[in-house]
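# Structural description and commentary
What follows is the residue order along each chain.
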Amino acid sequence: MARPKLGMQGPVIAWQDSWAGAASDEIMRTGTGSVYPSQEALPAPDLFLQALKELGCDFYVHHMFPNGAGQSAMVRDMAEHGMDLCLGNEYGNINGPYVEGTNRYDVPDEALLEAAASGKLIGLLYDEPEHLQINASQYRKDAFLPHWGTTEENTLRQSQDSVVRAVAERTAHVRGVLANAGVDPEGVPLVGEFVFPTLFHTKARGGMIVCPKIMKESFQSLQLSTALGAAKQYGRGLWICADLWGPDVGPWFIRTPGFPGHSPEEYASALKMGYFMGPTHLFTENIDALLQYGNGSFRRTEFGEVWEEFVRAFIPAHPLTWSHAEADPDIAFIHSDDSNYGQNARLFGNRGLAVPDAAQSVFRAWHLLSHGTIPAHGSCMHIPGFDFPRHRLKAEVPRDEFPLLQGRPHAIEERVHPLYYPTNNVLVFDETVREEQLGNPKMILVAGTRLSAETLKAVRRRAEAGATVIIADWLVPEPWKASGRTGEGKWLVTGDFLSDDRVKEEAGPHLGGSDCWMQRFADAEVRMYKADERGFMLDFEIRKR
């Protein structure tokens, strides 16, 4: 496999957009709810593009300005410099204008066609579309209008189907516009960039490529195995965003509380981790953590040095022989995509829908799969029990004192975000997965609120063929309620993945050790280990079978 294309997302705090200039300081460019004046001077477009090339970037992720400021000049310069381009909708999501009845900004057809005509457009990036479906008041305050339309008065299944339809309609529209202009629609996919490990399967079903954010506030093994499973089940590509926004504070360059919210050492491990997942594209959010600009030139921060070593030394020394599409699980975790990450409300943006107790079973299964390291009450750090050091930094340091060139050295022991959460070659599939999509897992866990009849039959057949199946009792019809041997395998029906001692006994041999997180791709096992006491850094071993 060729190495993934490498990219960088534009600045949001350090300097103004090189094509939009003063317009940059007139809108909110981050999700913090404030307008941030730029900290540094404005670099000319040629200087900015040269900086991208010196970083080894194949593509640039551009925050499109809702009023189109600088758009035509930016597209022209990307083409002239041979730089691929992905258009992002984040600024529009934050500031509007919105698609009627939603909190979503779509790139207008005219801008889409102009960028596509350059021959350099490779995708349309939808920023955190799962977050903005569930938490529709994050940016738009005048009404509760979810990203893909209202789901009120629907059942859980109907709510999901509504989101799938809306994504599919937008996908079809973009493809139609491109095809009518003589542009290959396959070359310009819609890419969903996910901060929460939910709706991967829903968006993939609607036609989106999945792009998990790594670092951020995620449990990495859960985030990646969910994205890998969605990409495999629905035959989608995989992009990965190494997002430097996060919860932590330490003795490193900090532009604003939470950015960067991870150490340079964690960033170095995260880039390698993301690379070894075999994505088609890998990029960093945002470039102004890696560079400072002044006196007519750019200077790398310690994060820029990490990227430089990764691109110039690590990748050439570690060529990939596999892709994400070759992920091959030992453990298949099947659960309905309920859009619950631990908020226990607004499933698919539906405020009137009661959250079934069964939705919690997914978290309890993850606690089992991760040797107790992932909480049993949620799937990311935006749940009770986590206090982010960045919040204290924001209270302690006035905005005009940023950036902090040396960070906050005293805060190093307060960090809450390690990378390491051990799981043993898990892939996540949704409640409609077909038998031939599963691979040959030795163990299958089935949880969540619902399961299709076809998938239930497929899981039963896998037990008869030799797999160990552990399934929630509310998903099983009466004829199959009894646990025990079935054919060559085992069938265990349980009411709780944690309190049932039978589950621990049957799952134990398949869970691997707590000292290794493993993902397998074809004949290559990517083994990850703690490189420090808490797992902020990783060591990697590639084993060939």
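Our structure's up above, just so we're on the same page.
Residues numbered from 1 in each chain as written. Predicted model: local features only at pLDDT ≥ 70, side-chain atom pairs only at ≥ 80, totals over all residues. Heavy atoms only, no water.

## Some words on helix α12 (residues 389-396)
Residues of α12 that are buried include every one of Pro389, Arg390 and Leu393, and no others. The arc that holds the buried residues of α12, viewed along the axis, is 100°, so those residues lie on one side. Along α12, exposed side chains directed more than 90 degrees from the buried face belong to Lys394 and Ala395. (Buried < 20%, exposed > 50% of the residue type's maximum accessible area, 1.4 Å probe, protein only. Helix = DSSP H or I, 4+ residues; strand = E, 2+ residues; numbered from the N terminus. Arc of directions from axis to C-beta.)

## Structural notes on empty space enclosed by the protein
Using the criterion set out here, one finds one cavity of 30 Å³ or more in the structure. Put simply, the largest cavity is a space of about 140 Å³. Lining of the largest cavity is provided by 18 residues; of these, Pro197, Thr198, His335, Asn340 and Val362 occupy positions nearest its centre. Of all the secondary-structure elements, those providing two or more residues to the lining of the largest cavity are α7 (200-206), α8 (220-234) and α11 (361-369). With three residues, the single largest contributor to the lining of the largest cavity is α11. For the lining of the largest cavity, the class distribution of residues is eight nonpolar, eight polar and two charged. (1 Å grid on protein atoms, 1.4 Å probe; cavity = no way out; pocket = protein on both sides within 12 Å on 5 of 7 lines; lining within 4 Å. Points joined across faces, edges and corners; volume = space filled by probe spheres on them. Nonpolar A, V, L, I, M, F, W, Y, C, P; charged D, E, K, R; others polar.)

## Remarks on the side chain of Asp330
As for its placement among the helices and strands, Asp330 is situated in the loop between α10 (302-317) and β11 (331-335). Here Arg520 takes part through its side chain, which lies 3.0 Å from a polar atom of the side chain of Asp330. (Polar contact = N/O pair within 3.5 Å; in protein donor to acceptor, adjacent residues only side chain to side chain.)

## Topic: the sheet that holds strand β1 (residues 5-9)
What holds strands together in a sheet is hydrogen bonding between their backbones, with the strands either parallel or antiparallel. The strand order around the closed barrel built from eight strands is β1-β2-β3-β4-β5-β6-β7-β8, with neighbouring strands paired in parallel fashion. The average angle at which neighbouring strand axes cross in this sheet is 25°, direction not considered. Summarising the sheet, strand β7 (residues 239-243) and strand β8 (residues 281-285) pair through five bridges and their orientation is parallel. Bridging from a neighbouring strand, Ile240 pairs with Leu282 of β8. The sheet strands contacting α10 are β1 and β8, and the helix crosses β1 at an angle near 175°. (Pairing = 2+ DSSP bridges. Axes fitted to C-alpha atoms, helices over the stretch in contact; angles between N-to-C directions. Contact = heavy atoms within 4.5 Å.)

## What to know about unusual backbone geometry
With an omega of 5°, the peptide bond running from Gly96 to Pro97 counts as cis. The residue Pro97 is located in the loop between α3 (90-95) and α4 (109-117) in this model. Not every positive phi belongs to a glycine, and Phe348 is a case in point at roughly 55°. Examined against the element boundaries, Phe348 turns out to sit in the loop between β11 and α11. Here Phe348 falls in the buried class, since its relative accessible area comes to 0%. If you check the backbone angles, Ala522 has positive phi at about 55° while not being a glycine. Following the sequence through the fold, Ala522 ends up in the loop between β17 (517-521) and β18 (524-530).

## Quick look at the environment of Glu308
In this structure, Glu308 sits in helix α10. Separated by 18 residues in the primary sequence, Glu308 and Leu290 have C-alpha atoms spaced 9.7 Å apart. Not counting chain neighbours up to four residues away, the residues in contact with Glu308 comprise Glu54, Arg300 and Ala313. For Glu308, the side chain forms a polar contact with the side chain of Arg300, separated by 3.2 Å.

## Considerations on the pairing of strand β14 (residues 468-472)
Burial analysis of β14 places five of its five residues in the buried class, the great majority of the element. Burial of the side chains of β14 extends over both faces: Thr468, Ile470 and Ala472 are buried on one face and Val469 and Ile471 on the other. As defined by bridge partners, strand β13 (residues 443-447) adjoins β14 across four bridges and the pair is classed as parallel. Considered in β14, the bridge of Val446 is made with Ile471. Pairing between β14 and strand β16 (residues 489-494): five bridges, direction parallel.

## Comments concerning the pairing of strand β10 (residues 297-300)
Sheet analysis places strand β9 (residues 291-294) next to β10, joined by four bridges and oriented antiparallel. Looking across to β10, one finds that Tyr293 is bridged to Phe298. In sequence, β9 turns back onto β10 through a hairpin of two residues, with Asn295 there showing a positive phi of about 55°.

## With respect to the state of the cysteines
Under the criterion given, the structure shown has zero disulfides. The closest cysteine sulfur to the non-disulfide-bonded Cys211 is located on Cys241, 5.5 Å from its own sulfur. Residue classification places Cys211 among the buried positions, given a relative accessible area of 0%. (Disulfide = S-S within 2.5 Å.)

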